[in-house]
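Topology and contacts: notes
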Amino acid sequence: MSLEDFEDAVRDALDEIPPELAAMMDNVVVLVEDDPPADDPDLLGLYEGTPLTERGEVWAAGALPDRITVFRLPTLALCEDRDEVVEEVAVTVVHEIAHHFGIDDARLHELGWG
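Residues numbered from 1 in each chain as written. Predicted model: local features only at pLDDT ≥ 70, side-chain atom pairs only at ≥ 80, totals over all residues. Heavy atoms only, no water.

As a further point, take a negative patch on the surface. On the surface, Glu80, Asp81, Asp83, Glu84 and Glu87 cluster together into a negatively charged patch. Counting through the fold element by element, aspartate 81 comes out in the loop between α3 (72-78) and α4 (82-100). On the accessibility criterion, aspartate 81 (40% relative accessible area) is partly exposed. (Patch = residues over 30% accessible without salt bridge, like charges linked within 9 Å, V, L, I, M, F, W, Y side chains within 5 Å. Areas by Shrake-Rupley, 256 points an atom, 1.4 Å probe, with all protein chains shown as cover. Salt bridge = Lys/Arg side-chain N within 4 Å of Asp/Glu carboxyl O. Lys, Arg positive; Asp, Glu negative; His and termini not counted. Charge placed at Lys NZ, Arg CZ, Asp CG, Glu CD. Helix = DSSP H or I, 4+ residues; strand = E, 2+ residues; numbered from the N terminus. Buried < 20%, exposed > 50% of the residue type's maximum accessible area, 1.4 Å probe, protein only.)

Have a look at this one:
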């Protein structure tokens, strides 16, 4: 799958986020990169930032946007066809957005999004 097609899959996954949740997302950018960090080569997505549940009044002063990164190459390696890629991207996007809302991995696993 080309980078452009993968980015389209990420955009489509973001479009599936319910509008009321999307409206609550604050100061977050979603990016696509080919490779994850070298110390975790199988990582499909990564949330970097301060979850909404941990932000205080002083937080916004000069804060850079939170980052959600979806990694293309490990996702493609994991999936057998385009449909699987689209499904895995959607799961990854939901998983990382959940971190933005302060939901940890243990709770995501309980909910079936781990």
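Within the structure shown, the criterion is met by 7 salt bridges. Residue aspartate 26 pairs with arginine 55 through a salt bridge whose shortest N-O separation is 3.1 Å. You can see aspartate 26 sitting in the loop between α2 (19-24) and β1 (28-33) and its partner arginine 55 sitting in the loop between β2 (45-48) and β3 (66-71), a full 29 residues away along the chain. Residue arginine 67 is joined to glutamate 48 by a salt bridge in which the shortest nitrogen-to-oxygen separation is 3.5 Å.

Core analysis: the largest hydrophobic core is formed by 15 residues, its most contacted members being Phe6, Val10, Val70, Val85, Val89, Val93 and Ile97. Of all the secondary-structure elements, those providing two or more residues to this core are α1 (3-15), β3 and α4. When neighbours within four sequence positions are excluded, phenylalanine 6 is seen to be in contact with Met1, Val32, Val70, Phe71, Arg72, Thr75, Leu76, Val85 and Val89. (Core = buried A, V, L, I, M, F, W, Y, C linked by side-chain atoms within 4.5 Å. Contact = heavy atoms within 4.5 Å.)

A word on the sheet that holds β1. If you walk across this open sheet you meet the 3 strands as β1-β3-β2, and the pairing is mixed. At either end of the open sheet lies a strand with only one pairing partner, and these are β1 and β2. Put simply, the sheet's adjacent strands are angled 15° from each other on average, direction ignored. By the bridge criterion, 6 bridges tie β1 to β3 in an arrangement that is parallel. By the bridge assignment for β3, valine 32 is matched with valine 70. Across the sheet, α1 touches β1 and β3, and the angle it forms with β1 is around 150°. The strands that α4 touches are β1, β2 and β3; relative to β2, the one it contacts most, it runs at about 15°. (Pairing = 2+ DSSP bridges. Axes fitted to C-alpha atoms, helices over the stretch in contact; angles between N-to-C directions.)

Here we take up α1. A turn of α-helix holds 3.6 residues, and therefore any two residues three or four places apart point the same way. End to end, α1 covers 18 Å across 13 residues, agreeing with the expected 18 Å (1.5 Å per residue, within 8%). What α1 keeps buried is the set Phe6, Ala9, Val10 and Ala13. Considered in projection along α1, the buried side chains sweep an arc of 95° and stay on one side of the axis. The exposed residues of α1 that point more than 90 degrees off its buried face are Glu4 and Asp15. (Expected span 1.5 Å × (residues − 1). Arc of directions from axis to C-beta.)

Attention now goes to α4. Here α4 is 19 residues long and its end C-alpha atoms lie 27 Å apart, about the 27 Å a rise of 1.5 Å per residue gives. Among all positions of α4, only Val85, Val89, Thr92, Val93, His95, Glu96, Ile97, Ala98, His99 and His100 are buried. Those residues of α4 that are buried are in contact with α1, β1, β2, β3, α3 and α5 (105-111). The opening residue of α4, the one whose side-chain oxygen lies 3.2 Å from the backbone nitrogen of aspartate 83, is aspartate 81. Count one or two residues on from α4 and you reach glycine 102, which has phi positive near 90°. (Polar contact = N/O pair within 3.5 Å; in protein donor to acceptor, adjacent residues only side chain to side chain.)

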